[in-house]
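Coordinate analysis (summary)
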Amino acid sequence: MTGSDSDRRTGDTFVRDLVLYVLARLALVVVITVPLALVPGVPLLVALVVGFFVGMPFGLLLLRSLNERVTAGLAARNERRAAERARLRAELRGEDVPDTPGTDTTGEQDTGDPARTDDTDDTDDTDDTDDTDDTDGEGTR
């Protein structure tokens, strides 16, 4: 399994958890609103407002585990987005960014070519100012 597959699976469970949480909260509001609306003399708007405000704390208590899963999914998504944003900013600054699985958009592979122009480690110890080719025979050393 690659990193993008696990990200996709995490994203799928996050979306599923989020949809379930929103639907459960709405169902809780409906469960509270309908009996109030059936009482004679209670307007539908008042029943809806009461259902909404009573359903808020009950939703926090009754749907705690689902709320925690949605919160964890949001945190993981935020971390991935922050890492991607940092990687893109580093690329814009011209820094070498190590490839992480699933983030290579160019399709190229790093061959480790030592002839890069930004390579500051010069392993060639020969001196280019060697004066053995001078015609006057005098060196500048």
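Quick notes on the rules
- Residue positions are given per chain, counted from 1 along the sequence in the order it is written.
- Reporting in this predicted model follows two pLDDT cut-offs: at least 70 for local features of residues, and 80 or more for side-chain atom pairs to be given and counted; totals over whole chains, interfaces and linings ignore these cut-offs and use all residues.
- Heavy atoms from the whole structure form the basis of all side-chain values; hydrogens and water molecules are not counted.
- Working definition: a ring pair exists when centres of Phe, Tyr or Trp rings (six-membered ring for Trp) sit within 6.5 Å. Plane angles under 30 degrees give stacked, over 60 give edge-to-face, the rest tilted.
- The cut-offs for exposure are 20% and 50% of the maximum accessible area for each residue type, with area from a 1.4 Å probe on protein chains only; residues under the lower value are buried, those over the upper are exposed, and the others partly exposed.
- Within this document, salt bridges are pairs made up of a side-chain nitrogen of Lys or Arg and a carboxyl oxygen of Asp or Glu, the two lying within 4 Å of each other.
- Under the scheme used here, helices are H or I runs from DSSP no shorter than 4 residues and strands are E runs no shorter than 2 residues, and both carry numbers assigned from the N terminus.
- Each residue carries a pLDDT score, the predictor's own confidence in it, on a scale running from 0 to 100.
- Two residues qualify as a contact provided that any one of their heavy atoms is within 4.5 Å of a heavy atom in the partner residue.
- A helix is expected to reach a length of 1.5 Å times the quantity of its residues less one.
- By nonpolar core is meant a set of buried Ala, Val, Leu, Ile, Met, Phe, Trp, Tyr and Cys residues that side-chain atoms within 4.5 Å join together.

Our next topic: the packing of aromatic side chains. Across all of its chains, the model carries one aromatic pair by this definition. Look at Phe52 and Phe53: their rings are 5.4 Å apart centre to centre, the planes differ by 80°, and that puts the pair in the edge-to-face class. Residue Phe52 is classed as partly exposed on the basis of its relative accessible area, which comes to 41%.

The subject of this paragraph is the pattern of salt bridges. With the rule as written, the count across this model stands at five salt bridges. Notably, a salt bridge pairs Arg69 with Asp17, separated by 3.3 Å at the nearest N-O pair. With a gap of 52 residues between them, Arg69 in helix H3 (residues 64–93) and Asp17 in helix H1 (residues 3–38) connect regions that are remote in the sequence. Taking the relative accessible area as the measure of exposure, Arg69 reaches 43% and is therefore partly exposed. Relative accessible area serves as the criterion here: at 6%, Asp17 is assigned to the buried category. One salt bridge connects Glu95 with Arg93, and the closest N-O pair in it is separated by 3.1 Å. A single network of salt bridges, built from pairs that share partners, joins Arg16, Asp17 and Arg69.

Turning to the confidence of the model for the protein chain, a few remarks are in order. Across the protein chain, pLDDT averages 77, with 62% of residues at or above 70. Contacts for the low-pLDDT stretch residues 107–114, under 50 throughout, to residues beyond four places or in other chains number one contact.

It is worth spelling out H3 at this point. For an α-helix, the turn length of 3.6 residues means that residues three or four places apart are oriented alike. An ideal rise of 1.5 Å per residue puts 44 Å on 30 residues; H3 measures up with 43 Å between its terminal C-alpha atoms. What H3 keeps buried is the set Leu66, Val70, Gly73, Arg87 and Ala90. In the stretch just after H3, Gly94 is the one whose phi turns positive, near 90°.

Formed by Phe14, Tyr21, Leu63, Leu66 and Val70, the largest nonpolar core amounts to five residues. Secondary-structure elements contributing two or more residues to this core are H1 and H3. Filtering out sequence-adjacent residues up to four positions away, Tyr21 remains in contact with Leu60, Leu63, Leu66, Asn67 and Val70.

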